[in-house]
Amino acid sequence: GAISLIFDYAKSVGKPAVVSISMGTVCSMHDGSNSIAYAADLLTNKGTEPGRAVLVSSGNSAANWQSIVRGGTTKTVLGSYSFPTEQDRAMPVAYTGFYYFYASDYKDFDIQLKVVDITTGEMSDVGSHVQDPMTGTVVSDFKLNQYNIKNMKDEPVVLYTLDCLSAPVKMDETRYRLAIIATAASGQTLKMMCDGDSYGEPCFNAPVDGGYDFAANGWTKGNGDFAFDAEVCSEAVISVGSYITRTEWTNYKDEKKNYPPSRLTGKTQQVGEISDFSSYGTDDNGLACPTILAPGQGIISAASNYDIMAFADGQPNTTNQEADATIQHKVVKHGRDNWYILEQGTSMACPHAAGIVALWMQAKPTLTVNDIKSVLKETCVNDDWTTNIASIPSGNKTQAGYGKIDALAGLKKILDPDGIEVTRADGRREATPATMYSVDTPVYNMMGQQVDKSHKGLVIYKGRKYVNK
C-alpha cells in the first residue's frame, strides 16, 4: 500500500523515511492484525529496518466512555445519538453507531441485546421497540451479529457486533434505550468498544437522568481504558498521544475564547496537561499505548476551505458556532481567502512527533524504530502532568506513555559520541559557531547545504555539529 510506496521511493533516492498516519478505528481486534499495524510490522522488519519509521496517532476517544474491559457479568446501557434541540430530546432516541465485542481468550461468551426502561430499569426483549428511523416500521431482524474469524496466530476468534452505522434505528418511546448484558466465562475478560466519538450520551452508559439509578443497581458506565485505535497495536509503531499547548485564543472576530472544562475531570484545562481525549490502553499482546506525547491541543493550523462545517463559499460559516469560535486570521493568496483555524486531536500531535523523528533521521539515517523508542524512553520530558496520577485526566499512567517528546534532547542522544556543542565559559553560553570563528569558514546544514552563518538550528561547522541559537 501507500506505506510500502513511500519506503520504496525513499530507498530509491537513498534517504530515510518517516510515515505519519492519523486515521484509525477503535472497533477492531487489538492483536496486531489491523492492516496498518501489520504493514508497519512487516515493512520495518519488526522495527529493526534502518531508516524506516511509522508513527500513528493513538486516537481521540479517552473522554467518550467508549470501552469496557472487565470479567464477570456486565450490564450497560448503550448511548444514543445526540439530538440538537430540547424539542428533539423529547423524541425517541436514535442509534447510529457501531459496537464491537470479544473476549481476552478469543472464545465465545454469553451476550444479549435488550431494551431497558430508563425510568424503572425494567428490561425486555427488543421486540417491537426498535424502528426504522425513516419509515417508523419495526426492524424485525435487529440483533447482534456473530462472526468466527482467525487472529494473527491463526487461532479462531469469536466476535459480536451491533451495526447501527450502516442501518440506523430508533426506539419507539423516549424512555427506552438499548442495553447489553454480557457474561464472561471463567478466566475471560470481556472487551467492549464503540465508535461513538461524538455521542450526546456516553457510548456505554449508566444514566441517572431517567429516574432509575443504574449505577447503584450494578450497571456499568464505560471509560477510555481500551478506546484506542487498533492501528497502533504493533511494536513497530510509535504511537502518539496529545498534550495541551494553548487553552485560550482570539478568533478572527477578535473574540476571546477558551476551552471548556475537561470532560473527564470537570476541571479547567491547563497548558502542559495531557489532553483528556488522548487515547490510551494496553493491547491484546500487552503493548501499552501511546508511546509518547506531543503538542496536539490548541494548535493553530491551516484550514481547508472545503470544510463545509467551518466554511461557506470560502468564508467562515457563522451558523456553526463551534467552528466559528476557532477560526483564526486569513491570508489572501491565489485570488482567495485562506484561513487558519485552531485544531486539536492526536492527529495534530502525530505530525509534530513525525517531524522531530524526521530531523533525528537526518542526523542519523540508520536509525530503526527500536532505536528511536530507546531514545524516546531516555529523553522524553516528564513533569507533574505525566507522573502525578492526580494530574493525569484519566487517572491512568498509561495515558502519559514515555512522556513528552523532546527534540533537542533526543538529537543530542542520537549524535553522541559525535556530540552537539554549545560553547560555554564559566557556566554561561558564549558565542555560537556563526560568531565565534572567522567569517570565511563555511557553515552547513544537516543536508550538506552551505548556509549563512546566522542560520539557526543544527549546523556543521569545521566538521563538527553544533546547535546554533
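Residues numbered from 1 in each chain as written. Predicted model: local features only at pLDDT ≥ 70, side-chain atom pairs only at ≥ 80, totals over all residues. Heavy atoms only, no water.

Visitor: Could you clarify how one ought to interpret the sheet that holds strand β2 (residues 52-57) in this entry?
Guide: Within a sheet, neighbouring strands are paired by backbone hydrogen bonds and run either parallel or antiparallel to one another. Taking strand neighbours across the sheet as the criterion, the six strands line up as β1-β2-β16-β21-β25-β24 in an open arrangement whose pairing is mixed. Of all the strands in the sheet, just β1 (17-21) and β24 (327-333) have a single pairing partner and so form its edges. Across this sheet, the average inter-strand angle for adjacent strands is 35°, counted without regard to direction. Relative to strand β16 (residues 237-244), β2 is paired through four bridges, and the arrangement is parallel. What sits directly across from L55, in β16, is I238. Packing against the sheet, helix α5 (residues 346-363) makes contact with β1, β2, β16, β21 (292-302) and β25 (336-344), and its axis sits at approximately 110° to β21. (Pairing = 2+ DSSP bridges. Helix = DSSP H or I, 4+ residues; strand = E, 2+ residues; numbered from the N terminus. Axes fitted to C-alpha atoms, helices over the stretch in contact; angles between N-to-C directions. Contact = heavy atoms within 4.5 Å.)

Visitor: Explanation requested: the side chain of Q328 in the structure shown.
Guide: Note on placement: Q328 falls in strand β24. Within the structure, the side chain of Q328 is placed 3.1 Å from the backbone oxygen of T326, a separation counted as a polar contact. The residues contacting Q328, other than those within four sequence positions of it, are W249, T250, N251, Y252, I300, W339, Y340, I341 and L342. (Polar contact = N/O pair within 3.5 Å; in protein donor to acceptor, adjacent residues only side chain to side chain.)

Visitor: What is the right way to read the state of the cysteines from this model?
Guide: Throughout this description, disulfide means a covalent bond between two cysteine sulfur atoms. Considering all chains together, one arrives at one disulfide under this definition. Each sulfur of the disulfide joining C194 and C203 lies 2.0 Å from the other. Residue class for C194 comes out buried when judged on its relative accessible area of 0%. Unpaired in this structure, C27 has its nearest cysteine sulfur neighbour in C194, at a distance of 6.0 Å. By relative accessible area, which is 10% here, C27 ends up buried. With no disulfide of its own, C233 lies 7.2 Å from the sulfur of C289, the closest cysteine sulfur. (Disulfide = S-S within 2.5 Å. Buried < 20%, exposed > 50% of the residue type's maximum accessible area, 1.4 Å probe, protein only.)

Visitor: Where do I start with the packing of helix α6 (residues 369-379) against helix α8 (residues 407-415) in this structure?
Guide: Between two packed helices, the angle of one axis relative to the other and the distance separating the axes together describe the packing. Where α6 meets α8, the closest approach of the two axes is 9 Å, and the angle between their N-to-C directions is 125°. In terms of orientation, α6 and α8 fall into the oblique class. By crossing handedness, the relation of α6 to α8 is classed as right-handed. Contacts from V375, E378 and T379 of α6 reach α8 at A409, G410, K413 and I414. (Parallel < 35°, antiparallel > 145°, perpendicular 65-115°, else oblique. Left-handed = near helix turned anticlockwise from the far one by under 90°.)

Visitor: Would you mind going over the packing of aromatic side chains with me for this structure?
Guide: What describes a pair of aromatic rings is the distance from one ring centre to the other and the angle between the planes of the rings. This model, assessed by the stated rule, comprises ten aromatic pairs. Aromatic pair Y102 and Y106: ring centres 6.0 Å apart, planes at 40°, arrangement tilted. Summarising the burial analysis for this pair, Y102 and Y106 share the class buried. Taking the centre distance of 4.8 Å and the plane angle of 85° together, the rings of Y212 and F214 count as edge-to-face. The exposure classification of Y212 matches that of F214, with both residues buried. Through a chain of ring-to-ring contacts, the aromatic side chains of Y100, Y102 and Y106 assemble into a single cluster. Positioned above the aromatic ring of Y243 is the side chain of K404, whose terminal nitrogen or guanidinium carbon lies 4.7 Å from the ring centre. (Phe/Tyr/Trp six-rings, centres within 6.5 Å; stacked < 30°, edge-to-face > 60°. Lys NZ or Arg CZ within 6 Å of the ring centre and 35° of its normal.)

Visitor: Sorry, what's going on with α8 here?
Guide: Side chains of residues three or four places apart in an α-helix project in the same direction, reflecting 3.6 residues per turn. Among the residues of α8, those classed as buried are G410, L411, I414 and L415. Here the buried residues of α8 occupy an arc of 125° about the axis, which is enough to place them on one side. (Arc of directions from axis to C-beta.)

Visitor: Please explain the sheet that holds strand β14 (residues 190-194) as it appears in this structure.
Guide: Spatial strand order, β3-β14-β6-β11-β10: five strands in an open sheet with antiparallel pairing. Taken across any chain shown, the strands that pair with only one partner, and hence form the sheet edges, are β3 (67-70) and β10 (145-150). Going across the sheet, the axis of each strand differs from the next one's by a mean of 20°, ignoring polarity. Sheet topology places β10 next to strand β11 (residues 156-163); six bridges connect them, and they run antiparallel. Each residue of the ladder has a partner; that of N145, found in β11, is T161.

Visitor: How do you make sense of a nonpolar patch on the surface when you look at a structure like this?
Guide: Taken together, the side chains of Y38, L42 and M152 define a hydrophobic patch exposed on the protein surface, amounting to about 310 Å² of accessible area. Positionally, M152 belongs in the loop between β10 and β11. Owing to a relative accessible area of 40%, M152 belongs among the partly exposed residues under this scheme. (Patch = residues over 30% accessible without salt bridge, like charges linked within 9 Å, V, L, I, M, F, W, Y side chains within 5 Å. Areas by Shrake-Rupley, 256 points an atom, 1.4 Å probe, with all protein chains shown as cover. Salt bridge = Lys/Arg side-chain N within 4 Å of Asp/Glu carboxyl O.)

Visitor: Help me understand the pattern of salt bridges, please; the structure alone is not making it clear to me.
Guide: Pairing is possible between side chains of opposite charge, provided their charged atoms come close. For the structure on display, the rule yields 13 salt bridges. The partner of R175 in a salt bridge is E173, with the nearest N and O atoms 2.8 Å apart. On the basis of relative accessibility, which here comes to 30%, the residue R175 falls in the partly exposed class. We classify E173 as partly exposed; its relative accessible area is 33%. We note a salt bridge from K191 to D284, for which the minimum N-O separation is 2.6 Å. With a gap of 93 residues between them, K191 in strand β14 and D284 in the loop between β19 (281-282) and β20 (288-289) connect regions that are remote in the sequence. Judged by relative accessible area, which is 9%, K191 ranks as buried. One salt-bridge network, held together by shared partners, links D117, E173 and R175.

Visitor: Help me out: how do you make sense of helix α1 (residues 2-12) in this one?
Guide: Inspection of α1 places I3, F7 and A10 among the buried residues, and these make up the whole buried set. The buried residues of α1 occupy an angular sector of 60° when the element is viewed end-on, so they sit on one face. Exposed and oriented more than 90 degrees from the buried face of α1 are A2, L5, Y9 and S12. Of the surrounding secondary structure, the elements contacted by the buried residues of α1 are β1, α2 (35-43) and β2.

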